[in-house]
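What the coordinates show
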Amino acid sequence: MDRLWAWLDDRVGLEPVRHLMAQKTVPRHRHSIFYYLGGMALFLFIIQLGTGLLLLLYYEPGVSTAYESVRRISGEIPFGWLIRSIHRWSADIFIGVLAVHMFTAYQMKAYRRPREVTWLTGVALFGVALAFGFSGYLLPWDDIAYFATSVGTQVAGVFPLVGKALLQLMRGGEDVTGATLARFFALHVVVLPFAALGLLGLHLLLVQRHGMSVPPGVTEKGRPRPFFPDFLMHDLVGWTLALALLAALAALLPAGLGPKADPFASAPADIKPEWYFYAPFQQLKMIPAHIGPFEGEVLGAVGFAVLGLLFALVPFLDRRAAREESSRAFSIAGWVVFIYLVGLTCYAWLH
Amino acid sequence: MDEHDRPLSPADPTPAGRRSFLDWLLGLSAFGTAAAIVYPVVHFVFPPPRPKGRAKGAVLAAQTSELAPGSGKVFPLGTRPAILVHTPDDKWRAFTAKCTHLSCTVTYRDDMNMIWCPCHDGRFDLTGKNVAGPPPRPLAEFTVVLKGDEVYVTEEAERG
Ligand code: HEM
Ligand code: FES
């Protein structure tokens, strides 16, 4: 082992890597548990890459093949149901973990100088993850997939000025058709993976550069924990548990498949999007058709977009945190929005 | 050293005016190149409109025997779904089946005698008027013609 290392070091120059591993530490304090969330998200993303690549061996895009190929994956291919179910469950959990990771980073004010760019790449990664989920949802081409995509793209279409063009761009025409399926497929397996890997590389590089941030006003308990091997071992325990959870979920609640999409059938009565779109979905359902001179859904869609934008720009808005002072207003606003979104999500879940 | 790889320095004899002109020219050609790439790509990504699949004349939507009073059926009218309704008081009406909210396909609910959109619980009465939920406008209505026991719907005579 040592000889192999020496041989490689001689040719590749591994010493900086060893140096980095020895240097990297993670602070210890009462919130340090949240430092595991990023690593968990990374693990689930790797699961997505692996299972996604396997699904690609049998998935065939196209209106006359997509549904049939997914049925074949779930029904005929040995362990196809397992791979497919893990891809779905891991997608759902991945986005949940990312959401909590973002929320805790927000509440720990980890967006403070000099980590603004780290924050922005993180928010962009969350956008990419949502796009992964939205585009993946259409791929099986069953009735729920079809109508969920119809509604979802129509929401994009209500935006003032750019809406119409955005709608055409997403659908590849006026309606959801095979052209939409082709674009969503290309997005899901080529564009988004490249975007995600690029952003992730930058995100991790910056985390490396700056080290972990300690929230203002929190006292560290003792010396920081060495990343290698202590922290990584804890990570590994979490990852193993996650893998077991995924396997259990896939076995107990495998991914289903509805009737094939039919543009000339009514939408199924129990139609719902993926859980991470429950909040905007419920909002759209409850908002009145007209509010003053505006149409309800326009206000709803623009409202969510503005919220997302404010969230992305928070490092530049929170001037107090930038001066290492406590900024209660931002903490409280964070909780209010969080509770609002969780409330809407639970409400949609129960109905 | 030849003319080209001479280091640029304050002592550079190239007159300032000529230098900024060259910079400008370089910027212009960079912009031109970018535009020559972006323009076709943007147009490639937006497909040309397909010939509007307008149904020519009347479409046979159903047989009268298919739909008892108080029922409805979604059928293709051109490239879009439409809904044919046989009302409890024995009238025939047809509307676009695309919800005016976010374009889900509506369905007939015989338990409420309404046209219902499952996507966000939008409701329309049997004249197509939006009566509850988020839909902001009524459903556009088409003309229905009965010929013997066949029900025809024409898209051209659309009103509303
Ligand atoms: C964060 C990453 C990802 C998320 C959130 C995600 C999400 C999804 C979702 C929700 C579906 C629908 C699954 C179904 O109904 O079966 C799907 C399908 C699919 N995904 Fe992904 N995905 C991700 C990454 C990838 C990657 C990296 C690839 C390949 C390189 C991939 C390949 C596929 C394929 C081929 C399908 C269609 C097969 C099927 O529907 O069973 N995915 N994805
Ligand atoms: S799409 Fe019909 S109620 Fe929303």
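Residues numbered from 1 in each chain as written. Chains lettered and ligands numbered in written order. Predicted model: local features only at pLDDT ≥ 70, side-chain atom pairs only at ≥ 80, totals over all residues. Heavy atoms only, no water.

Moving on to the site of ligand 1. Residues and elements named next belong to chain A. As a structural note, the neighbourhood of ligand 1 is formed by 21 residues, with Arg84, His87, Arg88, Pro140 and His188 the closest of them. The side chain of Arg84 places a nitrogen or oxygen atom 2.5 Å from an oxygen atom of ligand 1. Looking at the shell around ligand 1, the elements with two or more residues in it are helix H3 (36-56), helix H5 (80-107), helix H6 (116-138) and helix H9 (178-210). No other element matches the seven residues that H3 contributes to the shell around ligand 1. Split into classes, the residues belonging to the shell around ligand 1 amount to 13 nonpolar, five polar and three charged. (Near = heavy atom within 4 Å. Polar contact = N/O pair within 3.5 Å; in protein donor to acceptor, adjacent residues only side chain to side chain. Helix = DSSP H or I, 4+ residues; strand = E, 2+ residues; numbered from the N terminus. Nonpolar A, V, L, I, M, F, W, Y, C, P; charged D, E, K, R; others polar.)

Quick look at the sheet that holds strand E7 (residues 122-124) of chain B now. All names here are of chain B. In space, the four strands of this open sheet follow the order E5-E6-E7-E8, with antiparallel pairing throughout. For this open sheet the edge positions go to strand E5 (107-109) and strand E8 (130-132), each flanked by a neighbour on one side alone. Adjacent strand axes in the sheet meet at a mean angle of 40 degrees, parallel and antiparallel pairs treated alike. (Pairing = 2+ DSSP bridges. Axes fitted to C-alpha atoms, helices over the stretch in contact; angles between N-to-C directions.)

Counted by the stated rule, this structure contains 20 aromatic pairs over all chains. Taken together through their ring pairs, the aromatic side chains of Phe134, Phe184, Trp275, Tyr276 and Phe277 of chain A make up a single cluster. Residue placement shows Lys24 of chain A over the ring face of Phe227 of chain A; its charged tip is 5.0 Å from the ring centre. Over the ring of Trp116 of chain B we find Arg109 of chain B; its NZ or CZ atom is 4.3 Å from the centre of that ring. (Phe/Tyr/Trp six-rings, centres within 6.5 Å; stacked < 30°, edge-to-face > 60°. Lys NZ or Arg CZ within 6 Å of the ring centre and 35° of its normal.)

Here the focus is the nonpolar core. Counting residues in each nonpolar core, the largest one holds 41 residues, and the members touching the most others are Tyr59 and Trp141 of chain A together with Ile83, Val106 and Ile115 of chain B. The set of elements that each furnish at least two residues to this core consists of helix H4 (66-75), H6, helix H7 (143-157) and H9 of chain A together with strand E3 (80-86) and strand E6 (114-117) of chain B. Take this core: its biggest share by element is five residues, from H7 of chain A. Leaving out residues up to four positions away in the same chain, Ile115 of chain B has contacts with Ile83, Val85, Phe95, Val106, Thr107, Gly122, Arg123, Phe124, Asp125, Leu126 and Leu139 of chain B. Ranked by size, the runner-up nonpolar core spans 26 residues in total, among them Phe43, Ile95, Met102 and Ala250 of chain A. (Core = buried A, V, L, I, M, F, W, Y, C linked by side-chain atoms within 4.5 Å. Buried < 20%, exposed > 50% of the residue type's maximum accessible area, 1.4 Å probe, protein only. Contact = heavy atoms within 4.5 Å.)

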